[in-house]
Amino acid sequence: MSPEGLKRRALLQGGSLALLLGIHEIARGASIVAVRVWPAEDYTRVTIESDGRLNSQQLVVGNPPRLAVDIEGIDLNPALRELVGKIKPDDPYINGLRVGQFAPSVVRIVFDLKQAVAPQVFSLAPVAAYRDRLVLDLYPQKPIDPLESFISERMREVPNKAQAAAPAPRNAPQMAEAPAAPKAGAEATDPLGDLMAQAARATQQPSSTASAAAAGRAPAGGGLPLQVPPVASAPTPSPSPARGGATPNQTDRIIIVALDPGHGGEDPGAIGSNGTREKDIVLQIAHRLRERINASSVNGNPMRAFLTRDADFFVPLGTRVQKARRVQADLFVSIHADAFTTPDARGASVFALSQGAASSSAARWLANKENQADKVGGVNVGNHEVQVQRALLDMSTTAQINDSLRLGGAMLGEIRGIGARLHKGQVEQAGFAVLKAPDIPSVLVETAFISNPEEEAKLRSVAYQEDLADALMRGIQRYFAQNPPLARSRQL
Ligand SMILES: [Zn+2]
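Counting restarts for each chain, with residues numbered from 1 along the sequence as it is written. The predicted nature of this model means local features are confined to residues of pLDDT at least 70 and side-chain atom pairs, given and counted, to a pLDDT of 80 or more, with totals for whole chains, interfaces and linings taken over all residues. Side-chain calculation: all heavy atoms of the structure are included, whereas hydrogens and water are not.

A few points about unusual backbone geometry
Cis geometry marks the peptide bond from Asn63 to Pro64, where omega comes out at 0 degrees. Relative to the assigned elements, Pro64 resides in the loop between strand S3 (55-61) and strand S4 (66-72). At Ser105, a position not held by glycine, the phi torsion is positive, near 65 degrees. The helix count covers DSSP runs of H or I at least four residues long, the strand count covers runs of E at least two residues long, and both are numbered beginning at the N terminus. Tracing the backbone shows Ser105 in the loop between strand S5 (94-103) and strand S6 (106-113). For Ser105, a relative accessible area of 35% corresponds to the partly exposed category. With phi around 50 degrees, Asn299 is a residue other than glycine that occupies positive phi space. The residue Asn299 is located in the loop between strand S10 (297-298) and strand S11 (301-307) in this model. Working definition: with a 1.4 Å probe on protein chains only, accessible area under 20% of the residue-type maximum means buried, over 50% means exposed, and in between means partly exposed. According to the relative accessible area criterion, Asn299 is buried, its value standing at 16%.

Topic: the pattern of salt bridges
By definition, a salt bridge exists where a carboxyl oxygen of Asp or Glu is found within 4 Å of a side-chain nitrogen of Lys or Arg. Scanning the entire structure with this criterion turns up 24 salt bridges. Notably, a salt bridge pairs Asp310 with Arg290, separated by 3.2 Å at the nearest N-O pair. Pair noted here: Asp310 is in the loop between S11 and helix H8 (317-326) and Arg290 is in helix H7 (residues 278-294), with a separation of 20 residues, a long-range link. Each of Arg36, Glu49, Arg133 and Glu266 takes part in salt bridges that share partners, so that together they form one network.

Concerning the environment of Ile151
Mapped onto the elements, Ile151 comes out in helix H4 (residues 146-164). Judged by its relative accessible area of 9%, Ile151 falls in the buried class. Counting along the chain gives 176 residues from Ile151 to Val327, while the straight-line C-alpha distance between them is 9.3 Å.

Some words on the confidence of the model for the protein chain
pLDDT gives the predictor's per-residue confidence on a scale running from 0 to 100. Summarising the model, the protein chain shows a mean pLDDT of 79, and 72% of its residues fall at 70 or more. Residues are treated as being in contact if the distance between any of their heavy atoms lies within 4.5 Å. This stretch, residues 1-27, has a pLDDT under 50; its non-local contacts, to residues over four places away or in other chains, come to five contacts. This model gives residues 161-196 a pLDDT under 50, and the stretch forms 94 contacts once residues within four places in sequence are excluded.

A look at the packing of helix H13 (residues 453-460) against helix H14 (residues 462-482)
Orientation of H13 relative to H14, taken along the N-to-C sense of each, is 80 degrees, at an axis distance of 5 Å. Taken together, the axes of H13 and H14 are roughly perpendicular relative to one another. Across the interface between the two elements, Lys458, Leu459 and Arg460 from H13 touch Val462, Tyr464 and Gln465 from H14. Residue type decides the class: Asp, Glu, Lys and Arg count as charged, Ala, Val, Leu, Ile, Met, Phe, Trp, Tyr, Cys and Pro as nonpolar, and the leftover types, Gly among them, as polar. A per-class count over the contact of H13 with H14 returns three nonpolar, one polar and two charged. Angles here are taken between N-to-C directions and fall from 0 to 180 degrees, while the axes themselves are lines fitted to C-alpha atoms, restricted in helices to the stretch in contact. Any angle that is under 35 degrees is reported as roughly parallel, and any over 145 degrees as roughly antiparallel; angles of 65 to 115 degrees are reported as roughly perpendicular and all others as oblique.

Some details on the nonpolar core
To define a nonpolar core, start from buried Ala, Val, Leu, Ile, Met, Phe, Trp, Tyr and Cys residues and group those joined through side-chain atoms within 4.5 Å. Residues Ile293 and Met303 are the most contacted members of the largest nonpolar core, which totals 44 residues. Where this core is concerned, the elements lending two or more residues are strand S9 (255-261), H7, S11, strand S12 (331-336), strand S13 (349-353), helix H12 (398-417), strand S15 (442-446) and H14. Per-element accounting of this core gives the leading share, nine residues, to H14. In this view, Met303 contacts Ile255, Val257, Ile293, Asn294, Ser296, Ser297, Val298, Met473, Ile476 and Phe480; residues no more than four positions away in its chain are not counted. Of all hydrophobic cores here, the second largest spans 38 residues; its members include Ile151, Phe313, Ala373 and Phe432.

Some details on the sheet that holds S6
Only strands that DSSP links by at least two bridges are regarded as paired with each other. Sheet architecture is open: four strands sit in the order S3-S4-S6-S5, paired in antiparallel fashion. Each end of this open sheet is capped by a strand with a single partner; those strands are S3 and S5. Mean inter-strand twist for the sheet, computed between neighbouring axes without regard to direction, equals 15 degrees. Of the strand pairs in this sheet, S4 and S6 are connected by seven bridges, and their pairing is antiparallel. Following the sheet pairing, Asp70 is matched in S6 by Arg108. Sheet strands in contact with helix H3 (residues 78-85) are S5 and S6, and its direction is about 155 degrees off that of S5.

A word on the packing of aromatic side chains
Think of it this way: a Phe, Tyr or Trp ring, Trp meaning its six-membered ring, pairs with another when their centres are within 6.5 Å, and the plane angle makes it stacked under 30 degrees, edge-to-face over 60, tilted otherwise. What the rule picks out here adds up to seven aromatic pairs. Arranged with centres 5.7 Å apart and planes meeting at 45 degrees, the rings of Phe340 and Phe449 form a pair that is tilted. Remark: Phe449 occurs in the loop between S15 and H13 and Phe340 occurs in the loop between S12 and S13; sequence separation between them is 109 residues. Exposure remark for Phe340: the relative accessible area of 21% places this residue in the partly exposed category. Joined through ring pairs, the aromatic side chains of Tyr43, Tyr139 and Phe313 make up one cluster. Geometrically, a lysine NZ or arginine CZ counts as sitting over a ring once it is within 6 Å of the ring centre and also within 35 degrees of the ring normal. Positioned over the ring face of Phe102 is Arg108, at 3.7 Å from the centre of the ring. The cationic tip of Arg320 hangs over the ring face of Phe314; the distance from NZ or CZ to the ring centre is 5.9 Å.

Things to note about the packing of H12 against H14
The packing of two helices is summarised by the inter-axis angle and the distance between the axes. The N-to-C vectors of H12 and H14 enclose an angle of 135 degrees; their axes lie 8 Å apart at closest approach. One element, H12, and the other, H14, form an angle in the oblique class. For the pair H12 and H14, the crossing hand works out as right-handed. Within the contact between the two elements, H12 uses Asp403, Arg406, Leu407, Ala410, Met411, Glu414 and Ile415 and H14 uses Ala471, Leu472, Arg474, Gly475, Ile476, Arg478 and Tyr479. Of the residues belonging to the contact of H12 with H14, the class tally is eight nonpolar, one polar and five charged. Crossings are sorted by hand: turned counterclockwise from the far helix by less than a right angle, the near helix makes the crossing left-handed, and turned clockwise it makes it right-handed.

Observations regarding the sheet that holds strand S7 (residues 117-124)
On the basis of which strands lie adjacent, the open sheet formed by four strands has the order S1-S2-S8-S7 and antiparallel pairing. Here the strands that pair on one side only, and so sit at the sheet edges, are strand S1 (32-38) and S7. Neighbour-to-neighbour, the strand axes of this sheet turn through a mean angle of 15 degrees, independent of strand direction. As paired strands, S1 and strand S2 (residues 44-50) are joined by six bridges and run antiparallel to one another. Opposite Trp38, over in S2, you have Arg45 as the bridge partner. Each of S1 and S2 touches H3; the most contacted strand, S1, lies at about 15 degrees to it.

Below you can see the structure in the form of structure tokens.
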């Protein structure tokens, strides 16, 4: 800031400065500089950012459900009052809130809730562009099960499936489809089970499907598009996992690809010089890739994309991995568009996990930066679950890394094919925390450097995002063509 600017700022703050100098005690107090609300199905977060650490106490009240939070050492100010207007009508947890000066230097916020919550309240020290933060995470009392949500989301889609059975993208190398006979006159009490039963059968004929693949194209039984049984009439999408034996003869194996749009919520990721935020771009790309995945199949088995986040909220790195494991994903693809130290850094790159040293100093640098996401996004490190997650992430295996390198190689080849510049000609390796699912081939795709103005413009363009999604889809299919998914009885 220029000397002029500093002077002006000092003048503006003159009143409080004088007070600070005169009465030392007030220096202990903090003021609120910003408030943010991130509503999401998983949890709603309220962040109160201040110029000093805040102490708080909270109280959950039962009927009707409310949460009262007393913040000590502050006075009600306009920034804090803004919180009231920031609650959206579709917030899954918060109906509304009131805020008031409860006692001298104590502000009370009362949240009127839509359902009982299990709140987590914690402080974060200043990091990146943020000052001190007091974080109120409102979780449901019964934690959301990613698998249950995935199944019910899937069942909502099924009714549209018949019309939506669009052919896979033209340029995608079409996989052969095994004639997995659709179930005639199915009662369809357990559609997912039916699907899985079909898959089990399909994978029992690997040689025929392989030769069909070699022949280039196999007509799938009478041109039926996807082997999704017509279960539209199934009335209640209440997924109750263990319904053993309900589906004796037909099964299918859904191939699940976990897509992991990086960052989100409090963590914007990298920001381009024109203000493009990584978290927004990567979610858009993930949506485009999801469309392609959901319209594809592997050897007759339908593919489905599972998103570790499908909105603008923060998901801790360990939770991303845990979610993918919960749905027993076959692959994990983390999508990013980072900044680098110099604006001329450019090109796409693909990373796998490294158990030892990183493959280059740039890879190490990027992994370190990505692993900071939990600090910026804000994780309650005191939480037991977070600690368990972290411990689990130290069990990476050589087999996982080898598969990840194959997947990454297939993707890199396709990205090269769309004429995108590559940062490096091969898959790089470093200790990315988000790639540590011990049992899921996992890659992190840096789609381009948002810090490069030309690439920032490209990342915003629909055409480039579509090309990229096509390339990643072809990479996934190429990988499966060479590494067919294993038969697996999903532990639901
Ligand atoms: Zn990133």
